[in-house]
Amino acid sequence: LYGEKMWLTGAASDALSQLMGDDDGCCGGDPNDGGVGGCGKCLLVQNPQSMHPDWTAVVMKKNRCPPHSYGCDSGKPHFDVAAPGFDNLQYSTANVCGGRPGTGFDSKDQ
């Protein structure tokens, strides 16, 4: 629609969710976000300093970025994009590899 190269989902901070407006009917609502909204709404993301500055991605809010996690606690608009294999393990609250049996890893560092 906008020439985007990717469609992704992500988790929005409360500050970004408020800017995105009410939840969209297609998504329902996130009972964990305190009613700040934005669920099912999309952002068009572009990084002019990337290897492909002309590329864009559509990112849909599907859940809340936990306020206690890195980047989401600042009170500023923030989006955690769900891109498998690109989780920053130093700050991850979702990475269970090495922390649970059966993941195939002995530690998170591995």
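Being a predicted model, the structure only gives us computed values, none of them experimental. (Residues numbered from 1 in each chain as written. Predicted model: local features only at pLDDT ≥ 70, side-chain atom pairs only at ≥ 80, totals over all residues. Heavy atoms only, no water.)

### Structural notes on the overall build of the chain
Then, in step 1: For the chain, the count of helices and strands is one helix and four strands.
Then, in step 2: In the chain, the order of α-helices and β-strands from amino to carboxyl end is β-α-β-β-β.
Then, in step 3: Put simply, 47% of the contacts in the chain that link residues at least 6 apart link residues at least 24 apart.
Then, in step 4: When the accessible surface of the chain is split by element, carbon and sulfur atoms take 53% of a total near 7,500 Å². (Helix = DSSP H or I, 4+ residues; strand = E, 2+ residues; numbered from the N terminus. Contact = heavy atoms within 4.5 Å. Areas by Shrake-Rupley, 256 points an atom, 1.4 Å probe, with all protein chains shown as cover.)

### Quick notes on the state of the cysteines
Then, in step 1: Per the stated rule, a full pass over the model turns up one disulfide.
Then, in step 2: Note that C65 is cross-linked by a disulfide to C72, the S-S spacing being 1.4 Å. As far as burial versus exposure is concerned, C65 and C72 are alike and both buried. (Disulfide = S-S within 2.5 Å. Buried < 20%, exposed > 50% of the residue type's maximum accessible area, 1.4 Å probe, protein only.)

### Quick look at the side chain of S13
Then, in step 1: Looking at where S13 falls in the secondary structure, it is placed in the loop between β1 (6-12) and α1 (14-20).
Then, in step 2: One polar contact links the side chain of S13 to the main-chain carbonyl oxygen of K76, over a distance of 3.1 Å.
Then, in step 3: Here S13 is in contact with C65, C72, K76, P77 and H78, once residues within four sequence places are set aside. (Polar contact = N/O pair within 3.5 Å; in protein donor to acceptor, adjacent residues only side chain to side chain.)

### Observations regarding the sheet that holds strand β4 (residues 79-81)
Then, in step 1: Overall, mixed pairing links the four strands, which are arranged β2-β3-β1-β4 in an open sheet. Edge strands, defined here as strands with exactly one partner in the open sheet, are β2 (42-45) and β4. Between one strand axis and the next, the sheet turns by 40° as a mean value, whatever way the strands run.
Then, in step 2: Across three bridges, the pairing between β1 and β4 is antiparallel. Its bridge partner being in β4, G10 is matched across the sheet by V81. (Pairing = 2+ DSSP bridges. Axes fitted to C-alpha atoms, helices over the stretch in contact; angles between N-to-C directions.)

### So, the nonpolar core
Then, in step 1: With five residues, the main nonpolar core is built from A12, L16, M20, V59 and F79.
Then, in step 2: Sequence-distant contacts of F79, defined by excluding residues within four places in its chain, comprise G10, A11, A12, L16, L43, V59, M60 and K61. (Core = buried A, V, L, I, M, F, W, Y, C linked by side-chain atoms within 4.5 Å.)

### A short note on the environment of A82
Then, in step 1: Within the element layout of this structure, A82 appears in the segment after β4.
Then, in step 2: Note: C-alpha distance between A82 and V59 (23 residues apart in sequence) is 9.1 Å.
Then, in step 3: The contacts of A82, once residues within four sequence positions are left out, are L8, T9 and G10.

### Some details on the pairing of β1
Then, in step 1: The pairing of β1 with strand β3 (residues 57-64) spans seven bridges and is parallel. Residue pairing across strands places W7 opposite V58, the latter belonging to β3.

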